[in-house]
Amino acid sequence: MIEKIDLKKVEKQTYQFTFTDGLYDMAYGSLIFFIAIAPILREILYPSYIIFLVLPAPLILILGKRFITVPRIGIAKFSQKRTKSRNKIGLLIAILFPITVVLVVLTYLGIYNIRVGGYIVPIGSGLFVLILLSVIAYVMDYPHFYLYAVSIGLGIPLASLLKPIIGDPMHYIISFGISGTLILIYGIFTLTKFIKKYPIPKEEISSV
Amino acid sequence: MSKDKNNIRDEIIPPNSIDKLIHEPARLNIMTRLYVVESADFLFMMRQTGLTFGNLSAHMSKLEEAGYIEIIKEFIGKKPHTMLKLTEKGKQAFNEYRKQMKQFFNEI
């Protein structure tokens, strides 16, 4: 029995159990989705459309963990190694998140094409986001982040490439809308399964 | 040859020296889950082990009595909250148990 217990595997399973709520997928999917419809929102809500790019993802994560995940599966504190990695990622995301939003907005406005010319900067920006999100996926030990990295890493240069061909705002809807909607739907589906599988326990358990 | 056999018998750990408190499957599960985290609350342990509230409470009490786990009471907002943690004694006992079991299976 005991010789089959792989503690590293158990630790990884326990750690990844905290991701089974689908909230990261929903948060990232909503970010990409709002990026996709940013040109439409911009027309209607300018300048407050930025709120839709910045707020939903962190709100889904913070409120979701607080009101959905923790009451259903409780809390675990992981080893210092994990905690340090998470803190580093938190810092990296805090830096990367506004940069990504700025890069996406600038790509939409076509500033790269006007000032620099060509597709070097959009491709460079896509690569920058792709590499950083892949680093996050590796350190965070959460493979879904690789998918996020590819979706946004390809989305930025693809939007620039498609703009002269299919025009505004379709280039954004195709570049980000499809992947964003799919990730968002997957997140909602995962969260629904999670809620069904782990109902909120009786008061006597949750108050222990 | 019989001398060699006697030596082997001396080296083999008799099953009755294995920590029976940890050896019970549910408690082994609890100890393993707690070993890989810094601490976890009662609900998290229920979800991880698949044990019922009553079962987990009973096993936790036994492990606490043996000094293998520590129960930390804290408040989250105004709600009382219990975190469970493996003590140093518990970690040592678990490591010893693993060592003994590995040795036991290697020698069979």
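Small disclaimer: the values here were computed from a predicted structure and weren't measured.

Here's the deal with the confidence of the model for chain B
Of the residues in chain B, 84% reach a pLDDT of 70 or more, and the chain-wide mean stands at 84. At the level of chain-chain contacts, confidence expressed as ipTM amounts to 0.76, with global pTM at 0.76.

Digging into the sheet that holds strand β1 (residues 76-77) of chain A
Here we have 4 strands laid out as an open sheet, ordered β1(A)-β1(B)-β3(B)-β2(B), and antiparallel in their pairing. This sheet does not close on itself; its edge strands, each paired only once, are β1 of chain A together with β2 (69-76) of chain B. For β2(B) and strand β3 (residues 79-86) of chain B, the ladder comprises 8 bridges, and the chain directions are antiparallel. Its bridge partner lying in β3(B), Ile69(B) is registered against Leu86(B). Strands β1 (39-41), β2 and β3 of chain B of the sheet are contacted by helix α3 (residues 25-35) of chain B, whose axis makes an angle of about 95° with β3(B).

Looking at the environment of Leu61(A)
Residue and element names in this part refer to chain A. Locating Leu61 in the fold gives a position in helix α5 (residues 56-73). Under the C-beta neighbour-count criterion, Leu61 is labelled partly exposed, with 18 such atoms within 10 Å. In this structure, the C-alpha to C-alpha distance between Leu61 and Leu23, residues 38 residues apart in sequence, is 6.0 Å. Ignoring anything within four residues of it in the chain, the contact list for Leu61 reads Leu23 and Ala27.

A short note on the nonpolar core
For soluble globular proteins, nonpolar side chains are generally found buried alongside one another. If you look at the biggest cluster of nonpolar residues, it comprises 33 residues, and the most contacted ones within it are Ala27(A), Tyr28(A), Ile32(A), Ile35(A) and Leu133(A). At the level of secondary structure, the elements contributing two or more residues to this core comprise α2 (23-36), α5, α8 (120-140), α9 (144-166) and α10 (170-197) of chain A. For this core, the element with the most residues is α2(A), which contributes 11 residues. Formed by 23 residues, the second largest nonpolar core is a distinct cluster that contains Leu34(B), Phe44(B), Met45(B) and Met60(B).

Remarks on the interface of chain B and chain A
The interface of chain B with chain A comprises 23 residues on the first partner and 21 residues on the second. For the side of chain B that touches chain A, the elements supplying multiple residues, two or more each, are α3, β1, α4 (42-49), β3 and α6 (88-107) of chain B. Per-element tally for the side of chain B that touches chain A: the top contributor is α4(B), with 6 residues. Considered class by class, the residues forming the side of chain B that touches chain A number 12 nonpolar, 4 polar and 7 charged. Pairing of β1(A) with β1(B), which is carried by 2 bridges, proceeds in the antiparallel orientation. Bridge pairing in β1(B) places Ala76(A) opposite Ala40(B).

The rules behind each value
Residues numbered from 1 in each chain as written. Chains lettered and ligands numbered in written order. Predicted model: local features only at pLDDT ≥ 70, side-chain atom pairs only at ≥ 80, totals over all residues. pLDDT = per-residue confidence, 0-100. Pairing = 2+ DSSP bridges. Helix = DSSP H or I, 4+ residues; strand = E, 2+ residues; numbered from the N terminus. Contact = placed C-beta atoms within 7 Å. Axes fitted to C-alpha atoms, helices over the stretch in contact; angles between N-to-C directions. Buried ≥ 20, exposed ≤ 12 C-beta atoms within 10 Å, placed from the backbone. Core = buried A, V, L, I, M, F, W, Y, C linked by C-beta atoms within 7 Å. Nonpolar A, V, L, I, M, F, W, Y, C, P; charged D, E, K, R; others polar.

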